[in-house]
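Next come the chains, spelled out residue by residue.
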Amino acid sequence: MKVTRTPYVLLLPLLVALVLFSQPVQAQRKAPVVQFSGIVMAADDSAAVLPGVHIYVPKAGRGTVSNPLGYFSMPVLVGDSVVISYTGYQKQHYKIPNNIGDAITVIIELSPDTAYLPEITIFPYPTEQLFKQAILAMELPKEEEDIMKRNMDATLLALMMENMEMDGSENYKRFSQQQIMDSHNRYFIRTNPFFNPLNWAKFIQSIKRGEYSRDKK
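Residues numbered from 1 in each chain as written. Predicted model: local features only at pLDDT ≥ 70, side-chain atom pairs only at ≥ 80, totals over all residues. Heavy atoms only, no water.

Caption draft 1: The pattern of salt bridges, seen in detail. The full count for this structure, using the stated rule, is two salt bridges. In this structure, Lys132 engages Glu128 in a salt bridge whose closest nitrogen and oxygen atoms are separated by 3.4 Å. One end of the pair, Lys132, and the other, Glu128, are both in helix H2 (residues 128-137), four residues apart, so they sit about a helical turn from each other. Residue classification places Glu128 among the exposed positions, given a relative accessible area of 56%. (Salt bridge = Lys/Arg side-chain N within 4 Å of Asp/Glu carboxyl O. Helix = DSSP H or I, 4+ residues; strand = E, 2+ residues; numbered from the N terminus. Buried < 20%, exposed > 50% of the residue type's maximum accessible area, 1.4 Å probe, protein only.)

This is the structure we're talking about:
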């Protein structure tokens, strides 16, 4: 009976491929875990901490954000390239070094990312037609000028600003701050303002001043 054997030449590429694919897995398993902690501050103000800063490892797909005091802590691997990103500041990269033990603490200073825009001159003309007329005649119509002066009155603008609701960016900023506070305060017991003696003292004083009187207009 004749037995067919696989030549060793055909098995050699398969063994090489298995060795190459197994090396990254073994290197990843051997990389020690390090607790990476620190505080993020503004480089232009040594006393200003930055809350809500994104600290993450892009290749691993993991990260965290700094709390309201600018503090963060997350597990990383030796050799990881950590990205520190915050709106309005320049992005930084930090590589976890070797032989640092099982924990590392750093102070990260982010520099402002300033963008200079070209100068823009604003003209007080409500329509393009009036703008063209004013440029051609080099004189603004008296009636339209009076209307613009009334619309640009300081008292009217202050009243509009006071009654204006928050726009989309302000709502998003407030929502993000609330999410950060809720995530970091979820283990704390919330206080009830009803049991605050200072609030009761203010309430009693307001009653003595007659602020809740029916005769008060």
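Caption draft 2: Local environment of the layout of surface pockets. There is about 500 Å³ of room inside the largest pocket. Around the largest pocket sit 16 residues that line it, and Pro51, Gly52, Tyr86, Ser176 and Ile180 are the ones nearest its centre. When residues in the lining of the largest pocket are grouped by element, the largest group, eight residues, is from helix H5 (residues 168-184). Estimated volume of the second largest pocket: approximately 200 Å³. Forming the boundary of the second largest pocket are ten residues, of which Val57, Lys59, Ala60, Asp80 and Ser81 lie nearest the centre. The residue makeup of the lining of the second largest pocket, split by class, is four nonpolar, three polar and three charged. (1 Å grid on protein atoms, 1.4 Å probe; cavity = no way out; pocket = protein on both sides within 12 Å on 5 of 7 lines; lining within 4 Å. Points joined across faces, edges and corners; volume = space filled by probe spheres on them. Nonpolar A, V, L, I, M, F, W, Y, C, P; charged D, E, K, R; others polar.)

Caption draft 3: Main features of the packing of aromatic side chains. Applying the stated criterion to the full structure yields four aromatic pairs. With 5.4 Å between their ring centres and 15° between their planes, Phe36 and Tyr94 make a pair best called stacked. With a gap of 58 residues between them, Phe36 in strand S1 (residues 33-42) and Tyr94 in strand S7 (residues 92-95) connect regions that are remote in the sequence. An angle of 85° between the planes, with centres 6.2 Å apart, marks the rings of Trp200 and Phe203 as edge-to-face. You can see Trp200 and its partner Phe203 sitting in helix H6 (residues 197-208), three residues apart, about one turn around the helix. (Phe/Tyr/Trp six-rings, centres within 6.5 Å; stacked < 30°, edge-to-face > 60°.)

Caption draft 4: Up close: the side chain of Ser37. Along the chain, Ser37 falls in strand S1. A polar contact is formed between the side chain of Ser37 and the side chain of Ser73, at a distance of 2.9 Å. (Polar contact = N/O pair within 3.5 Å; in protein donor to acceptor, adjacent residues only side chain to side chain.)

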